[in-house]
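One letter stands for each residue in the lines below.
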Amino acid sequence: MSELYRLEEPKYFLLLAIIPAMIVVFLMIFWWKKRTQRLFSNAVLLKKLAPNTSPFKASLKLTMLLFAITFLIISLVNPKMGSKLETVKREGVDVVFALDVSKSMLAEDIAPNRLEKAKQITSKIIDNLGSDRVGMIVYAGNSYPLIPITTDHAAANMFLQNANPEMVSSQGTAISEALELAKTFFNDEEQTNRFLIIISDGEDHQEETKEVAQSLINDGVKIYTIGIGTEKGGPIPMRLNGTMIGYKKDNQGETVITKRNSEILEDISSIGEGKYIDGNSTENPVNEITEIITNAQKSEFETKQFSDYKDQFQWFLAIAILFLLLDAFLFDKKTKWLKNIDLFNEEKTTT
């Protein structure tokens, strides 16, 4: 995936906070004027004393000014558009992450919970990658392709943040399902280095997992596993609309305690010619996986991306100037030659 546009200085979007502040100030001044006027006269007499006063015109001028400021800020951000799509050659490896999103990953024996810790580790590893391609799978009782192999690390991180147990239709922890799906991700026969990184609490109950892992090894895929959770374990919180309503219970009404099963993860990584890494500390797995991938032999591959990004700020600046001109030529008072046709429908609003 490639970006069609870029924002050169997105920090200037913070200036948009000026807009609501100006609206609040305008409303306060308007209220103060009305209150002050009522102290000296009533509405009928004020209409006679100042027949050309137009509250609508004042609001319209403010609107024009706010539009002008908005487009000026966008011009400062300077959006850039990619003018053409070209094929470029890059070097890297293929890395597929298989993220466990089963309900047991919501246990809070690791802060803030196992799933969020897994996301932190995955995101930091992706940030440390160079031109390597990244793919992502989420799984529980079945597996789901979250994002295909891509060089767009920003998109991968964006999809990662949305990963949750609701994405999969069946609950459980079927690592074999993720392994089977991973086979379809590694479709570049010229790629010499392929990595599958499984991040899970290891609560797998399928006997065929080791067999599927062996078939991936035969295809040249190295499997690394990262275990999240403690051996002591913890309960699985249940939430309704974001509110805690209790903990998951079994058929006997006892609270379910989910524990990390390191053994199955160690077995998979051993079969997969990789390594098992404790993931309860973010820094350790991030550093180890980053070092492994950095030192791996890179293969050349082709990818498409937008190039020749051109500045587009001038269009937004021109629109801002247009609104400023409209604001400058728009008077607060009623326009004499428009009074008879009541362009702004003010007669009805004042009666």
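Caption draft 1: Geometry of the sheet that holds strand E3 (residues 94-100). In space, the six strands of this open sheet follow the order E5-E4-E3-E6-E7-E12, with mixed pairing throughout. Two strands close off the open sheet at either side, each with one partner strand: strand E5 (143-150) and strand E12 (276-278). Strand after strand, the sheet turns through a mean of 15° between neighbouring axes, direction not considered. In the sheet, E3 pairs with strand E6 (residues 194-200) via six bridges, with the strands oriented parallel. Note on E6: the bridge partner recorded for Ala-98 is Ile-198. Contacting E3, E6, strand E7 (221-227) and E12, helix H9 (residues 283-294) crosses the sheet at an angle of about 145° to E12.

Caption draft 2: Geometry of the pattern of salt bridges. Counting across every chain of the model gives 13 salt bridges. Residue Asp-94 pairs with Arg-133 through a salt bridge whose shortest N-O separation is 2.7 Å. Taken together, the residues span a long stretch of sequence, with Asp-94 in strand E3 and Arg-133 in strand E4 (residues 133-139) at a distance of 39 residues. For Asp-94, a relative accessible area of 2% translates into the label buried. Among the residues examined, Arg-133 registers a relative accessible area of 11% and is labelled buried. With a shortest N-O distance of 3.6 Å, Lys-119 and Glu-116 are connected by a salt bridge. Pair noted here: Lys-119 and Glu-116 are both in helix H4 (residues 114-128), with a separation of three residues, about one helical turn. Its relative accessible area of 5% is what places Lys-119 among the buried residues.

Caption draft 3: Geometry of the pairing of E3. Within E3, seven of the seven residues are buried, which leaves the element mostly enclosed by the surrounding structure. Judged by which residues are buried, E3 turns out to be covered on both faces: Asp-94, Val-96, Ala-98 and Asp-100 on one side and Val-95, Phe-97 and Leu-99 on the other are all buried. Sheet topology note: the E3/E4 ladder contains seven bridges and is parallel. Paired with Leu-99 across the bridge in E4 is Val-138. Read from E3 through H4 to E4, the crossover connection turns out right-handed.

Caption draft 4: Up close: a nonpolar patch on the surface. A surface patch of nonpolar side chains, about 600 Å² in accessible area, is lined by Leu-72, Phe-313, Leu-317, Ile-321, Leu-324, Leu-325 and Phe-329. With respect to the helices, strands and loops of the structure, Phe-313 is situated in helix H10 (residues 313-329).

Caption draft 5: Just the packing of helix H7 (residues 209-218) against helix H8 (residues 262-271), in detail. Two elements in contact, H7 and H8, have axes separated by 9 Å at closest approach and are oriented at 25°. On the basis of the axis angle, H7 is roughly parallel to H8. Seen from above, H7 lies across H8 with right-handed handedness. In contact with Thr-209, Lys-210, Ala-213, Gln-214 and Ile-217 of H7, H8 contributes Ile-264, Asp-267, Ile-268 and Ile-271. Of the residues that constitute the contact of H7 with H8, the class distribution is five nonpolar, two polar and two charged.

Caption draft 6: Representation of the side chain of Thr-225 in the model. Positionally, Thr-225 belongs in strand E7. Using a relative accessible area of 0% as the deciding quantity, one classes Thr-225 as buried. What Thr-225 contacts, discounting residues up to four positions off in sequence, is Ile-198, Leu-265, Glu-266, Ile-268, Ser-269, Lys-275, Tyr-276 and Ile-277.

The rules behind the values
Per chain, the residues get numbers from 1 upward, laid out in the order the sequence is written. Local features in this predicted model are restricted to residues whose pLDDT is 70 or higher, and side-chain atom pairs enter the listing and the counts only when it is 80 or higher, whereas totals over whole chains, interfaces and linings include all residues. Only heavy atoms go into the side-chain values, all of them from the structure, while hydrogens and water stay out. Two strands are said to pair when DSSP picks up at least two bridges between them. Under the DSSP-based scheme used, a helix requires at least four consecutive residues in state H or I and a strand at least two consecutive residues in state E, with every element numbered from the N terminus. For helices, the fitted axis covers only the stretch in contact; all axes are lines through C-alpha atoms, and the angles between them, taken along N-to-C directions, range from 0 to 180 degrees. Contacts: residue pairs with any heavy atoms within 4.5 Å of one another. We define a salt bridge as a contact between a side-chain nitrogen of Lys or Arg and a carboxyl oxygen of Asp or Glu at a distance within 4 Å. The buried label applies to any residue whose accessible area, calculated with a 1.4 Å probe on protein chains only, is under 20% of its type's maximum; exposed applies above 50%, and partly exposed to all values in between. A crossover gets the label right-handed when its path from the first strand over the helix to the second runs clockwise, viewed with the strands pointing away from the viewer. To count toward a patch, a residue needs a relative accessible area over 30% and no salt bridge; like charges are then connected within 9 Å, while nonpolar side chains (Val, Leu, Ile, Met, Phe, Trp, Tyr) are connected within 5 Å. Here the accessible surface of atoms and residues is derived via Shrake-Rupley with a 1.4 Å probe, and residues count as covered only by protein chains that are part of the display. When describing relative orientation, an angle under 35 degrees is termed roughly parallel and one over 145 degrees roughly antiparallel, while 65 to 115 degrees is termed roughly perpendicular and anything else oblique. Each crossing is labelled by how the near helix is turned from the far one, with a counterclockwise turn of less than a right angle marking it left-handed and a clockwise turn marking it right-handed. Residue polarity is assigned by list, with Asp, Glu, Lys and Arg as charged and Ala, Val, Leu, Ile, Met, Phe, Trp, Tyr, Cys and Pro as nonpolar; anything else, Gly included, falls into the polar class.

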